[in-house]
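Listed here are the chains, written in short residue letters.
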Number of protein chains: 2
Amino acid sequence: MAEKPTHSRYRVLDTIRRHPNISRVELAALTDLSRAAVTGITQSLLDIGLIVERPAMESKEGGRGRPRIMLNISPDAGYVLGIKLSLHQMSFSITDFRGDVVYTMHLPFRGYQKYEVAIDLIDMGVQRCLEDAGIERRRLSGVCVGIPGYISHEAGICHWSPIFLERDVPFAEVLHNRLRIDTYIENDANLVTLAEHWFGKGRNLPCFAVVTIEHGIGMGFVVNDQLYRGANGIGPELGHSKVEDGGRPCRCGQLGCVEAYASDYAILREAEESFSLDAYNDNPKVYHDTITRIADQARHGDTRLAAIYAEAGRRLGQAVGNMIATLNPPTVIFTGDGLRAADALIGPVIEEARRLKLSGNSYDTTFISHVWGDEVWARGAAALVLQHIYADPDFGSASRSAGKTMEPPQMVEHVQ
Amino acid sequence: MAEKPTHSRYRVLDTIRRHPNISRVELAALTDLSRAAVTGITQSLLDIGLIVERPAMESKEGGRGRPRIMLNISPDAGYVLGIKLSLHQMSFSITDFRGDVVYTMHLPFRGYQKYEVAIDLIDMGVQRCLEDAGIERRRLSGVCVGIPGYISHEAGICHWSPIFLERDVPFAEVLHNRLRIDTYIENDANLVTLAEHWFGKGRNLPCFAVVTIEHGIGMGFVVNDQLYRGANGIGPELGHSKVEDGGRPCRCGQLGCVEAYASDYAILREAEESFSLDAYNDNPKVYHDTITRIADQARHGDTRLAAIYAEAGRRLGQAVGNMIATLNPPTVIFTGDGLRAADALIGPVIEEARRLKLSGNSYDTTFISHVWGDEVWARGAAALVLQHIYADPDFGSASRSAGKTMEPPQMVEHVQ
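Residues numbered from 1 in each chain as written. Chains lettered and ligands numbered in written order. Predicted model: local features only at pLDDT ≥ 70, side-chain atom pairs only at ≥ 80, totals over all residues. Heavy atoms only, no water.

1. Considering the relation of the copies chain B and chain A
Each copy of the sequence occupies a distinct position, and chain B is placed on chain A by a rotation of 180 degrees and an axial shift of 0.0 Å, giving an RMSD of 0.0 Å. Given the turn and translation reported, the copies of this chain are related as if by a two-fold rotation axis. Counting the interface residues of chain B, we find that 98% of their copies in chain A are interface residues as well, pointing to one common contact surface. (Least-squares fit on C-alpha atoms with pLDDT ≥ 70 in both. Contact = heavy atoms within 4.5 Å.)

Below is the structure:
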């Protein structure tokens, strides 16, 4: 009962990725495909070098093993470049075909400007990355840019971002025309969510929510093992859920958004108002140093700052509690730079969210705090590009197998 | 590339249901199955009488048609009984195999009591329904009970409901032991959502949210053409999303839930407090008559009552606005008895939800008000049972084809 071959190919590659050192028999069981189908698909993937096989001995306790062929994703079947735009910098990371980071670079950047400035900087950055990492341009299988705001991944349009002055920018198309490499864009919180799903705390979870705490408050949601995207390909979002009818002004122009209480910028604003700190500074380095310092002070005995974090946490707990009351996800993962304040912030968040839990719901939501390094979004960007590649029947075969369809299977060359 | 046959069978039946009078060629195109697979599956479905075929002439403009075999779900391949429990009554509806209602009956019922009382009444009601409708018990393929509260469909457990005194009741199992018919339970708002998806305003929409306004405020969410269920199989829920920090007391025991502002019971409580109406009466008929009367008065010039509805609507609009800010569903469908107040309530809901829309999101959420008759939940219950039957490879073949596997295909008998 044939289904579209792209679905089967995707499932095979995705299952090998999730289960390194997998045999064909296990692959058939986990994908619901017949053994014949698995044999055919894996052979074609071996032919074009997307996967590799190696024999191993299956060790049985106290007995002799028997030989067994194990399959893995070929790490150097291609490379992916992930780029994250934020208000203060632009970060670049190259990952291999498994999504492991092989090179990272940061460039200074200032937001609130024309998008072409970002395009120019990305163009330059890509060139420099490839040179520094020693990777040929033709080995780059795709580029993905993570941008805060309302991003339609499918249409490639940046509807709105705090980074740019313009609205509804066809960012992916413009960048593709410049780079001539397959180019995708996505909301930055969605990329972090994908990274959690592929490589982090959401691995093997079919349904979970991610709350990102940084300059703003973001959200991601995985359901049925897929990233949830809403109308126009946009969503979800937590930062502009209201926690107070007519409350504090948010940078979005509305009142009472949780972001106006619990994001980095809100906490800095509160600290500034309360203690005349020169905190909310436009200089990226001052901004970063200040928020790091006050988070540190809040954790180590400054009761005034601890109280600001506690109230911010309680407000974020309200929004998280509402999100749980609405969606009831089994797991909520907190991540982002805002976790630098650790329990000074997250403790009150979880306490308030638990307090608001409905008595009828006996399920205890699992809360996870996950501090990643800078590579998290790059790995999410890689995952997003690899999802497209896994489903693309022409990837690999078109460029690599041209003219050698009758030749025996062979490995592609390796880049050192 | 074989996938599990149950998936293919489900897709074929579901596609025929969605597209009455479909040809095998169209079926293959819409299901992504090969023509050979479609031929095999449809033949087995014809053999056991779940679908029927009929020839028709394909009329070509100005020319002659050519003969064409069209497939449809066989309406009398089986019957399904849907039961809805509410605080004031128990409703029964029998639907045919397409989900069309063929018989409906209501019994008086009082909530807040031991669940065995409901089991007894359901047992009696099922018997009476079948007799009145003239349907043999063995023709009943399944029973589904819709219950307000925290219901785990998969486990068959009623974790909490305002209807019962007990918690964590294995309701489906107890009822199955009594009826000896396949039995399912589900949250009532989820059944309405399924009904919208199969038969109503959500038909052909892969993603939408439903907000039900009745004695409480419920919610359903369809994503990727599937009903979303959260942790423990429970969710989503809108009624206990908070719209005021430390606001009005809700029947759940917490403060500030939107249900405490915008549900039938909240509106009655407000009317009672403001005007000394004897509205919040435990007598079901008085309760129903009162809420119907004040909704009518609010719509026809009573400015005090209109103001109560407007404020209730604004508060519900806050919760809907937060839900949209979080999930960004393309469409929100309002349904339930609470729509009796029509624009006196829904007007302010939509106005407030639109006001709270984020300026960065250029997508205009589609709002739909859908007033159904009582049959809506029964059709949802039917849809839920039919989903299970469509995916069950033993349904039909085990009981009906026994001993006639070598006979030519034939129609099952029809019940008039």
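2. So, the pairing of strand β14 (residues 366-370) of chain A
Residues and elements named next belong to chain A. Inspection of the sheet shows strand β13 (residues 331-335) paired to β14 by five bridges, in the parallel sense. Within β14, the residue paired with Ile-333 across the bridge is Ile-368. Of the crossover connections in this fold, the one passing from β13 over helix α11 (residues 343-355) to the parallel β14 is right-handed. (Pairing = 2+ DSSP bridges. Helix = DSSP H or I, 4+ residues; strand = E, 2+ residues; numbered from the N terminus. Right-handed = clockwise from strand over helix to strand, strands pointing away.)

3. Thoughts on the packing of helix α10 (residues 303-327) of chain A against α11(A)
Residue and element names in this part refer to chain A. Viewed as axis vectors pointing N to C, α10 and α11 meet at an angle of 40 degrees, and their least axial separation amounts to 7 Å. Viewed along their axes, α10 and α11 adopt a mutual orientation that is oblique. The crossing of α10 and α11 is right-handed. Only Ala-344, Leu-345, Pro-348, Val-349, Glu-352 and Ala-353 of α11 make contact with α10, whose side of the interface consists of Tyr-309, Ala-310, Ala-312, Gly-313, Arg-314, Leu-316, Gly-317, Gln-318, Val-320 and Gly-321. Taken together, the residues of the contact of α10 with α11 sort by class into 10 nonpolar, four polar and two charged. (Axes fitted to C-alpha atoms, helices over the stretch in contact; angles between N-to-C directions. Parallel < 35°, antiparallel > 145°, perpendicular 65-115°, else oblique. Left-handed = near helix turned anticlockwise from the far one by under 90°. Nonpolar A, V, L, I, M, F, W, Y, C, P; charged D, E, K, R; others polar.)

4. Focus: the confidence of the model for chain A
All names here are of chain A. Taken residue by residue, chain A gives an average pLDDT of 86. The fraction at 70 or more is 89%. Confidence scores differ between elements of chain A, with helix α13 (residues 397-400) showing the lowest mean pLDDT of 51 and helix α5 (residues 171-179) the highest of 97. Contacts of residues 399-416 to residues separated by more than four positions or lying in other chains number 20 contacts, the stretch itself having pLDDT below 50. Predicted complex, confidence summary: ipTM 0.83, pTM 0.86. (pLDDT = per-residue confidence, 0-100.)

5. Points about the sheet that holds strand β6 (residues 140-147) of chain A
Residues and elements named next belong to chain A. Judged by pairing direction, the sheet is mixed, and its five strands sit side by side in the order β5-β4-β3-β6-β9 without closing on themselves. This sheet does not close on itself; its edge strands, each paired only once, are β5 (101-108) and β9 (183-187). Between one strand axis and the next, the sheet turns through 20 degrees on average, direction left out of account. Sheet analysis places strand β3 (residues 79-85) next to β6, joined by six bridges and oriented parallel. Bridge assignment links Leu-81 to a residue of β6, and that residue is Val-143. The sheet contacts of helix α4 (residues 115-133) involve β3, β4 (89-95), β5 and β6, and relative to β5 the element is tilted by about 140 degrees. Relative to the sheet, helix α6 (residues 188-199) contacts β3, β6 and β9, its axis offset from that of β9 by approximately 95 degrees.

6. What to know about empty space enclosed by the protein
All names here are of chain B. Applying the stated rule across the entire model yields nine cavities of 30 Å³ or more. In this structure, the largest cavity occupies an estimated 140 Å³ of space. In terms of lining residues, the largest cavity is bounded by 16 residues, among which Ile-324, Lys-357, Leu-358, Asn-361 and Thr-365 are the most central. Of all elements in the fold, only α10 (303-327) and α11 (343-355) reach the threshold of two or more residues within the lining of the largest cavity. Per element, the largest residue contribution to the lining of the largest cavity is three residues, and it comes from α10. Of the residues in the lining of the largest cavity, the class split is seven nonpolar, five polar and four charged. (1 Å grid on protein atoms, 1.4 Å probe; cavity = no way out; pocket = protein on both sides within 12 Å on 5 of 7 lines; lining within 4 Å. Points joined across faces, edges and corners; volume = space filled by probe spheres on them.)

7. A look at helix α5 (residues 171-179) of chain B
All names here are of chain B. For α5, every residue scored as buried is listed here: Phe-171, Ala-172, Leu-175 and Leu-179. Seen from one end, α5 has its buried residues packed into an arc of 90 degrees, which puts them on one side. Structurally, α5 contributes buried residues whose contacts are with β3 (79-85), α4 (115-133), β6 (140-147), β8 (157-160) and β9 (183-187). The positive-phi residue at the C-terminal boundary of α5 is Arg-180, with phi of around 60 degrees. (Buried < 20%, exposed > 50% of the residue type's maximum accessible area, 1.4 Å probe, protein only. Arc of directions from axis to C-beta.)

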